[in-house]
Amino acid sequence: MKLSKLRMYVAVAALVVIMFPAFKALAAEPGLIEENGTLHYDNNGELVTNKCVIKIAVKSKNRYYNIDADGNVTEWQGSKAYAAERLMKLKAVPDNPQNDKEVQKCLKKAFKWSAKIKFVNISKKISNDSKALEYYGNYGFIRSKGDCNVQAATFTLMAQVLGYDAVFVRGLVPQALKKGKPSKFGSHAWVTIKMGKKNYVFDPNFERTHKKGWKFTYGAKKHYRYFNKKKKELKK
């Protein structure tokens, strides 16, 4: 090949690179992209991974998503979307969800928020726990007030969005004792989170009243005695 022709091919190739940098770059506008039927999030040519919450504006409306280690995107829906939004406002979204200390700091911020919301009794009673979690969670995130059900529900949802195995628990706590045994009960709600091989109790309402609601086990001293709805005491 003559040198002049070689120079021409190089010039054309360079022009193509300038006009069309790469297919990935062309598809790299910040936002969602579809690849093989799976949604991903691609930001300036780099695949974003490991984000428990990321905010993306879709049609001028903020939406909240989880992105896994492979860049697969799942939109947070319903009460968990509110939980994700609240975590963003609290600046309680970890940069690295694999860093336990960082995630637990975010969990503590979420807990404090749920414990400090304005306390008001909610008259609505819901027997189904999953429906109760959704209703009380929405109520708390929208109004920033509520009772122990709302405090426990909002914290449960934020903990779940952060990746914790959190459970919304409703049961009973003693309101009066007779000869050391409960003679009167009151309904109550709290949260359990499995960490390692142990289940820990987190009680935002007890934190509000006694400043000792963060991370303890059933039967811990100077805490409530927790019972299920059948009045059986829960123990570690």
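Just above sits the structure.
Residues numbered from 1 in each chain as written. Predicted model: local features only at pLDDT ≥ 70, side-chain atom pairs only at ≥ 80, totals over all residues. Heavy atoms only, no water.

Let's shift gears to the environment of Asp 203. Here Asp 203 shows up in the loop between strand S11 (198-202) and helix H7 (204-210). At a separation of 3.0 Å, a polar atom in the side chain of Asp 203 contacts the main-chain amide nitrogen of Phe 206. (Helix = DSSP H or I, 4+ residues; strand = E, 2+ residues; numbered from the N terminus. Polar contact = N/O pair within 3.5 Å; in protein donor to acceptor, adjacent residues only side chain to side chain.)

Counting across every chain of the model gives 5 salt bridges. Between Glu 85 and Lys 89 there is a salt bridge; the shortest N-O distance is 3.8 Å. In this pair, Glu 85 and Lys 89 are both assigned in helix H3 (residues 78-89), 4 residues apart and thus about one turn of the helix distant. Take Glu 85: its relative accessible area is 25%, and that puts it in the partly exposed class. Two residues, Asp 129 and Lys 229, come together in a salt bridge whose shortest N-O distance is 3.5 Å. Of this pair, Asp 129 sits in helix H5 (residues 129-143) while Lys 229 is found in the segment after H7, placing the two residues 100 residues apart along the sequence. Where salt bridges share partners, they join Asp 129, Arg 170 and Lys 229 into one cluster. (Salt bridge = Lys/Arg side-chain N within 4 Å of Asp/Glu carboxyl O. Buried < 20%, exposed > 50% of the residue type's maximum accessible area, 1.4 Å probe, protein only.)

Once that is clear, we can look at the packing of aromatic side chains. One pass over the structure, following the stated rule, counts 14 aromatic pairs. A ring pair is formed by Phe 111 and Phe 155, whose centres lie 5.3 Å apart and whose planes are at 80 degrees; its orientation type is edge-to-face. Remark: Phe 155 occurs in helix H6 (residues 148-161) and Phe 111 occurs in helix H4 (residues 100-116); sequence separation between them is 44 residues. A residue is classified by how much of its surface remains accessible, and Phe 155, at 0% relative accessible area, is buried. For the pair Phe 111 and Phe 202, a centre-to-centre distance of 6.4 Å together with 70 degrees between the ring planes defines the contact as edge-to-face. Here the residue Phe 111 occupies a position in helix H4, and Phe 202 occupies one in strand S11, the gap between them amounting to 91 residues. Of the residues examined, Phe 202 reaches a relative accessible area of 0% and is grouped as buried. By the ring-pair criterion, three or more aromatic residues cluster together here, those being Trp 190, Phe 206, Phe 216, Tyr 218, Tyr 224 and Tyr 226. A cation sits over an aromatic face here: Arg 143 above Tyr 139, 4.2 Å from the ring centre. (Phe/Tyr/Trp six-rings, centres within 6.5 Å; stacked < 30°, edge-to-face > 60°. Lys NZ or Arg CZ within 6 Å of the ring centre and 35° of its normal.)

Here the focus is the nonpolar core. By size, the foremost hydrophobic cluster in this structure holds 42 residues, and its most contacted members are Leu 107, Ile 193 and Phe 202. Among the elements of the structure, strand S4 (51-58), H3, H4, H5, H6, strand S9 (165-178), strand S10 (181-195) and S11 are those that each provide at least two residues to this core. At 9 residues, the largest contribution of residues to this core is made by H6. Excluding residues that lie within four positions of it along the chain, Leu 107 makes contacts with Phe 155, Ala 159, Leu 162, Tyr 164, Ile 193, Met 195, Phe 202 and Trp 214. (Core = buried A, V, L, I, M, F, W, Y, C linked by side-chain atoms within 4.5 Å. Contact = heavy atoms within 4.5 Å.)

Everything listed here is a matter of geometry and, on its own, says nothing about what the molecule does.
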